[in-house]
Number of protein chains: 2
Amino acid sequence: MTKRNTIQKSLIVESLHKLDHPTAEEIWQDISAKIPSISLTTVYRNLKQMVEDNSILAVTVDKGAIKYDSEIHPHAHFYCLSCGKIVDIPPSGFVPKIPEGFLEEVEITKTELLLSGYCAECKIKEKN
Amino acid sequence: MTKRNTIQKSLIVESLHKLDHPTAEEIWQDISAKIPSISLTTVYRNLKQMVEDNSILAVTVDKGAIKYDSEIHPHAHFYCLSCGKIVDIPPSGFVPKIPEGFLEEVEITKTELLLSGYCAECKIKEKN
DNA sequence: ATTGGTGCAAAGGCTTTGCAGATCG
DNA sequence: CGATCTGCAAAGCCTTTGCACCAAT
């Protein structure tokens, strides 16, 4: 069960860094421009594996398609309810203070902070 | 377009309070015991409407079914990756400190803090 | 009597799976 | 060569939608 390197895999990684919180389909479209034969299934399969390997992040908002994030260092997300874009928020100090006792009982492996609302551009549009 | 009160609707509200972060299907099964004719569609429709009315909360974890929460006051969630249960975490002071400037540009309407990991029971099981 | 709600069945969106063939090491 | 990976098609899961009938106000 040794992992192999494939053209598809490296192109997916490349797209992940190039695109901004893309969905599987957006990555697939991006790569299709170069390698028209790539399958959406392959994109899904590789993304899923990378998430399991903790080499990328899956951002789930609403019930729409999963958005992937190549930035794995701790940070929060802002999600625009109007245009759907995700913006990374630097970690510079969001401090979830959880009640005493709770943290001792459970084991927390992941912390997600998602702010939803309207981004600067959409906020302006809403007013018109 | 005035809203009407139906038996289904009130049973859904009742189940929401009785069950612990249930999915639409769990609510449907619960009600089916009393009213076997209730349709899953009706449950989905009412839940969706309540979420839009901000009378309940939709908690999205993974890509599985949405879990609904009748507690709408600010609080965080803990999600057990092993047994899947959701635990409400009292709001007693989680303070997302977002970088200066960002908050001035965007309009935030919702803040979600989701901690994932292993609950007390599952943590013990894992060790065996 | 209106017209919103319900149940049913079908469709829809996103993701996963089974399988045969291609490919990396 | 052998095991993993790919592409294709099909299935799966959760949720929504269209439509005719039912029922709350």
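Everything numeric here is computed off the predicted structure, so don't read it as measured data. Along each chain, residues carry numbers from 1 onward, in the same order as the chain's sequence is written. Following the order in which they are written, the chains are lettered starting with A and the ligands numbered starting with 1. Per-residue local features of the predicted model are confined to residues with pLDDT of at least 70, and side-chain atom pairs are confined, for both listing and counting, to 80 or more; whole-chain, interface and lining totals are unaffected and use all residues. Hydrogens and water are ignored here; the side-chain numbers use all heavy atoms of the structure.

In this text, helices come from DSSP runs of H or I with a minimum length of four residues, and strands from runs of E with a minimum of two, each type numbered from the N-terminal end. The helix and strand tally for chain A stands at five helices and five strands. Reading the secondary structure of chain A in the N-to-C direction produces α-α-α-β-β-β-β-α-β-α. In chain A, which comprises 128 residues, the share counted as buried stands at 38%. When contacts within chain A are restricted to residue pairs at least 6 apart in sequence, long-range pairs at least 24 apart make up 45% of them. Total accessible area computed for chain A in this model is approximately 7,700 Å², and 54% of it derives from carbon and sulfur atoms. Relative accessibility decides the category of a residue: with a 1.4 Å probe and only protein chains considered, values under 20% of the type maximum give buried, values over 50% give exposed, and everything between is partly exposed. Contacts are assigned to residue pairs that have any heavy atoms within 4.5 Å of one another. All accessible-area figures derive from a Shrake-Rupley calculation using a 1.4 Å probe, and residue coverage is judged against the displayed protein chains alone.

Before going further, it helps to examine helix 2 (residues 24-32) of chain B. Among the residues of helix 2 of chain B, those classed as buried are Ala24, Ile27, Asp30, Ile31 and Ser32 of chain B. Of the surrounding elements, those touching the buried residues of helix 2 of chain B are helix 1 (7-18), helix 3 (40-52) and strand 2 (67-69) of chain B.

Moving on, we get to the side chain of lysine 123 of chain A. When you line up the elements, lysine 123 of chain A lands in helix 5 (residues 120-127). The buried charged residue lysine 123 of chain A lacks any salt bridge, with glutamate 107 of chain B as its nearest oppositely charged partner at 6.1 Å. Polar side-chain contacts of lysine 123 of chain A include one of 3.0 Å to the backbone oxygen of glutamate 105 of chain B. The contacts of lysine 123 of chain A, once residues within four sequence positions are left out, are Tyr118 of chain A together with Glu104, Glu105, Val106 and Glu107 of chain B. Asp and Glu are treated as the negative residues and Lys and Arg as the positive ones, with His and the ends of the chain left uncounted. Each salt bridge in this description consists of a side-chain nitrogen of Lys or Arg and a carboxyl oxygen of Asp or Glu lying within 4 Å of one another. N or O atoms closer than or at 3.5 Å make up a polar contact, with two conditions inside protein: a donor-capable atom paired with an acceptor-capable one, and, for residues adjacent in sequence, both atoms drawn from side chains.

What follows concerns the sheet that holds strand 5 (residues 107-118) of chain A. Should DSSP find at least two bridges between two strands, the strands are regarded as paired. Spatial ordering of the open sheet is given by 4(A)-3(A)-5(A)-5(B)-3(B)-4(B), a layout of six strands whose pairing is mixed. Of all strands in the sheet, those with a lone pairing partner are strand 4 (86-89) of chain A together with strand 4 (86-89) of chain B, marking the two edges. The average angle at which neighbouring strand axes cross in this sheet is 25°, direction not considered. By the bridge criterion, four bridges tie strand 3 (residues 76-80) of chain B to strand 5 (residues 107-118) of chain B in an arrangement that is parallel. In the sheet register, tyrosine 79 of chain B faces strand 5 of chain B, and the bridge partner there is serine 116 of chain B. Interaxial angles span 0 to 180 degrees and are taken between N-to-C directions of axes, which are lines fitted to C-alpha atoms, for helices over the stretch in contact.

Here we take up the packing of helix 1 (residues 7-18) of chain A against helix 3 (residues 40-52) of chain A. Residue and element names in this part refer to chain A. Between helix 1 and helix 3, the shortest axis-to-axis distance is 10 Å and the interhelical angle comes to 70°. The angle between helix 1 and helix 3 places the two elements in the roughly perpendicular class. Facing Gln8, Lys9, Ile12, Val13 and Leu16 of helix 1, the residues of helix 3 in contact are Thr42, Val43, Asn46, Leu47, Gln49 and Met50. Of the residues assigned to the contact of helix 1 with helix 3, the class counts are six nonpolar, four polar and one charged. Put simply, angles under 35 degrees are roughly parallel, angles over 145 are roughly antiparallel, angles from 65 to 115 are roughly perpendicular, and the rest are oblique. Note on residue classes: Ala, Val, Leu, Ile, Met, Phe, Trp, Tyr, Cys and Pro are nonpolar, Asp, Glu, Lys and Arg are charged, and everything else, Gly too, is polar.

On to the domain arrangement of chain A, then. All names here are of chain A. Segmentation of chain A into domains returns domain 1 (1-70) and domain 2 (73-128). On the side of domain 2, seven residues touch domain 1, which itself brings nine residues to the contact. A simple way to read buried area is as the amount of 1.4 Å-probe accessible surface that goes missing from two parts once joined, with both sides added. Of the roughly 720 Å² buried between domain 1 and domain 2 on both sides combined, carbon and sulfur atoms contribute 60%. Between the two partners, domain 1 and domain 2, sit six residue pairs in polar contact (both at pLDDT 80 or more). Looking at the side of domain 1 that touches domain 2, the elements that each hand over two or more residues are strand 1 (57-59) and strand 2 (67-69). Residues that form the side of domain 1 that touches domain 2 fall into these classes: three nonpolar, two polar and four charged. The domain boundaries here were taken from an automatic or database domain assignment.

On a regular strand, each side chain points to the face opposite its neighbour's, so the side chains alternate between the two faces of the sheet. Residues and elements named next belong to chain B. Within strand 3, five of the five residues are buried, leaving the element largely enclosed by the surrounding structure. Every second residue of strand 3 is oriented toward a common face, with Ala76, Phe78 and Cys80 on one face and His77 and Tyr79 on the other, all of them buried. As defined by bridge partners, strand 3 adjoins strand 4 across four bridges and the pair is classed as antiparallel. Within strand 4, the position partnered with tyrosine 79 by the bridge is isoleucine 86. Remark: five residues form the turn of the hairpin made by strand 3 and strand 4, two consecutive strands paired antiparallel; glycine 84 in that turn has positive phi of roughly 80°.

The next subject is the nonpolar core. As used in this record, nonpolar core signifies buried Ala, Val, Leu, Ile, Met, Phe, Trp, Tyr and Cys residues forming a set joined through side-chain atoms within 4.5 Å. One finds Phe78 and Ile89 of chain A together with Phe78 and Ile89 of chain B to be the most contacted residues of the largest nonpolar core, which totals 20 residues. Looking at this core, the elements that each hand over two or more residues are strand 3 (76-80) and strand 5 of chain A together with strand 3 and strand 5 of chain B.

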